[in-house]
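Now for the letters of each chain:
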Amino acid sequence: MARGVPGGYRIWDTKGRHWWGDHYELCPDDLLAELNGAKDAAKITALLKRHRAQKR
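Residues numbered from 1 in each chain as written. Predicted model: local features only at pLDDT ≥ 70, side-chain atom pairs only at ≥ 80, totals over all residues. Heavy atoms only, no water.

S.K.: So what exactly am I meant to see when it comes to unusual backbone geometry here?
M.R.: Here the phi dihedral of Arg-17 falls at roughly 55°; this positive angle occurs in a residue that is not glycine. Structurally, the position occupied by Arg-17 is in the loop between strand E2 (8–13) and strand E3 (18–24). Although it is not a glycine, Lys-39 sits at a positive phi angle of roughly 60°. Mapped onto the elements of the fold, Lys-39 is located in the loop between helix H1 (29–36) and helix H2 (41–55). (Helix = DSSP H or I, 4+ residues; strand = E, 2+ residues; numbered from the N terminus.)

S.K.: What is the right way to look at the pattern of salt bridges in this model?
M.R.: Pairing is possible between side chains of opposite charge, provided their charged atoms come close. Counted by the stated rule, this structure contains two salt bridges. Asp-30 is the partner of Arg-50 in a salt bridge, and the nearest nitrogen-oxygen pair spans 2.5 Å. In this pair, Arg-50 is assigned in helix H2 and Asp-30 in helix H1, connecting sequence segments 20 residues apart. For Arg-50, a relative accessible area of 41% translates into the label partly exposed. In this structure, the salt-bridge partner of Lys-43 is Glu-34, at a minimum N-O distance of 3.7 Å. Its relative accessible area of 8% is what places Glu-34 among the buried residues. (Salt bridge = Lys/Arg side-chain N within 4 Å of Asp/Glu carboxyl O. Buried < 20%, exposed > 50% of the residue type's maximum accessible area, 1.4 Å probe, protein only.)

S.K.: How should I be thinking about the nonpolar core in this particular structure?
M.R.: One recurring pattern in soluble globular proteins: nonpolar side chains tend to sit buried together. If you look at the biggest cluster of nonpolar residues, it comprises eight residues: Ala-2, Ile-11, Tyr-24, Leu-31, Leu-35, Ile-44, Leu-47 and Leu-48. With three residues, H2 is the largest single contributor of residues to this core. (Core = buried A, V, L, I, M, F, W, Y, C linked by side-chain atoms within 4.5 Å.)

Now the structure itself:
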């Protein structure tokens, strides 16, 4: 699940009850939709890798 935090969004792992992944100033729409929708782990991982690569 994606949650708003000061300065952007973070990913909250409801099973592990901790923040997961990077802090995003702007959460991409496709990632946000997947996190709050189907929650397909493979698709989330692919989206995260793509958005991290764009930051570099």
